[in-house]
Amino acid sequence: MKTVMISTVTQEEAGTTLGAGLIRNGELVAFPTETVYGLGANGLDGEAVNRIFEAKGRPNDNPLILHIARKSDLKKLWAHVPERAFPLIETFWPGPLTLIFHKSDIVPYEVTAGLETVAVRMPSDRTARALIRKAGVPIAAPSANRSGRPSPTNAQHVFADMDGLIPLILDGGDCRYGVESTVLSLVGEPTVLRPGAVTREMLETVIGPVKLAPSILKPLGEREKAASPGMKYKHYAPDAEVIVVDGSPEETAKCIVSLYYDYLEQGKTVEVLSTKQTHFRYRGLNATEIGDRVHPETLCANLFRELREIGSACDLILAEGIDTNEEGLAYMNRLLRAAGFHRIDASRENSKK
Ligand code: TXA
Ligand code: MG
């Protein structure tokens, strides 16, 4: 199959009209959102949805998110909307918040991977909403990467993973947030299953206490698998190995410099993911400044791109761990998964030397 790329910066009208036609015909279209690029299909057509799993190589017990263009589209998809959903929708939609509740009958089990619950979000990206509106159906869309790879934050990333597998990629440039939406379950006590740009702190100012799924910063326990299917698979893995080093910025940098030379001696090519606060400590080493620790959203915006780009050019990435407040939680959730939870405590490691 030939994969066509259309810029929605210069051709939004033509691109979204073509895309909407393909979606209505049961085909797949990759499109930009404010979080990451999505791989969309008609969310009410089980057969079309199955094509997503094929193109991604995604395990079929991992459910998808339905994307809508208007708040009123929600009514048809949820069996009933819980009271506390309304203030959340008013505050955070359109935007990077996905809500989970009991599904209605029109939502096919192909979307929910057999679950009785469904995940829905209303993106803020203009192209995404124009595409959904013109398609006239909710669009089921996971991130547009091959399963296990870092999520795509520009159209070139999508092309690298999906060339020949899908007919159309809408190119809207770089995604604003760079990490996927916050996934909040409203079944039972409100629980964040996946952290994102809408932080736990932000949610709590609107609805009070919100729990965090235990698997956010560690591997999933046996008993959690059903609640959060997506979290049990290998995720965000670049070609290179990743090690996360935890500690104060000073201890962390000292430890990374020492590890860097150890691995270099073993014949490995190594890259450091540094931050604005620590970059100067890696003079003479291969280091890329990924963002500012005080503004973790800047780290989130660059992480997947750097995992793809640096990750294909070296054997090992040494990355700094950061505080897990606010958007720091989303950053560490993705980084630790990219590292397969391989983490080193800087002060313990430094005291060995
Ligand atoms: O920002 C985003 O959310 C992007 C863009 C394209 O919108 N989409 C995205 O989709 O990240 P995906 O498929 O890569 O991640 C969906 C996550 C998975 O972890 C999945 O397990 C979870 O949402 N999920 C979906 N439906 C669920 C349900 N009914 N119960 C529990 N988890 C669910
Ligand atoms: Mg994904």
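To be clear, the structure that these remarks concern was listed above.
Read on for a plain summary of the structure.

Concerning the environment of Arg-129
1) Next: Relative to the assigned elements, Arg-129 resides in helix 5 (residues 126–135).
2) Next: Owing to a relative accessible area of 24%, Arg-129 belongs among the partly exposed residues under this scheme.
3) Next: In this structure, Arg-129 is in contact with Ala-69, Pro-94, Met-122, Pro-123 and Ser-124, ignoring residues within four places of it in sequence.

Some thoughts on the sheet that holds strand 1 (residues 4–7)
1) Next: Read across the open sheet, the 11 strands follow the order 1-8-2-3-7-4-6-5-9-10-11; overall the sheet is mixed. With partners counted over all chains shown, the strands left at the sheet margins are strand 1 and strand 11 (211–212), one partner each.
2) Next: In the sheet, strand 5 (residues 97–102) pairs with strand 6 (residues 117–121) via 4 bridges, with the strands oriented antiparallel. Bridge assignment links His-102 to a residue of strand 6, and that residue is Thr-117.

With respect to helix 6 (residues 155–162)
1) Next: Among the residues making up helix 6, those that are buried are Ala-155, His-157, Val-158, Asp-161 and Met-162. Buried residues in helix 6, looked at end-on, bunch into an arc of 155 degrees, giving them a common side.
2) Next: On its buried face, helix 6 is in contact with strand 1, strand 2 (29–31), strand 3 (38–42), helix 2 (46–56), strand 8 (168–171) and helix 9 (296–309).
3) Next: With a side-chain oxygen positioned 3.0 Å from the backbone nitrogen of Gln-156, the residue opening helix 6 is Asn-154.

Overview of the environment of Leu-18
1) Next: Assignment of secondary structure puts Leu-18 in helix 1 (residues 8–24).
2) Next: Given the relative accessible area of 43%, Leu-18 is considered partly exposed.
3) Next: Along the chain, Leu-18 and Lys-134 lie 116 residues apart, while their C-alpha atoms are 9.6 Å from each other.
4) Next: Aside from chain neighbours lying at most four places away, what touches Leu-18 is Ile-6 and Leu-168.

Conventions we followed
- Residues numbered from 1 in each chain as written.
- Chains lettered and ligands numbered in written order.
- Predicted model: local features only at pLDDT ≥ 70, side-chain atom pairs only at ≥ 80, totals over all residues.
- Heavy atoms only, no water.
- Helix = DSSP H or I, 4+ residues; strand = E, 2+ residues; numbered from the N terminus.
- Buried < 20%, exposed > 50% of the residue type's maximum accessible area, 1.4 Å probe, protein only.
- Contact = heavy atoms within 4.5 Å.
- Pairing = 2+ DSSP bridges.
- Arc of directions from axis to C-beta.
- Polar contact = N/O pair within 3.5 Å; in protein donor to acceptor, adjacent residues only side chain to side chain.

Any functional reading would require information beyond the geometric quantities listed.
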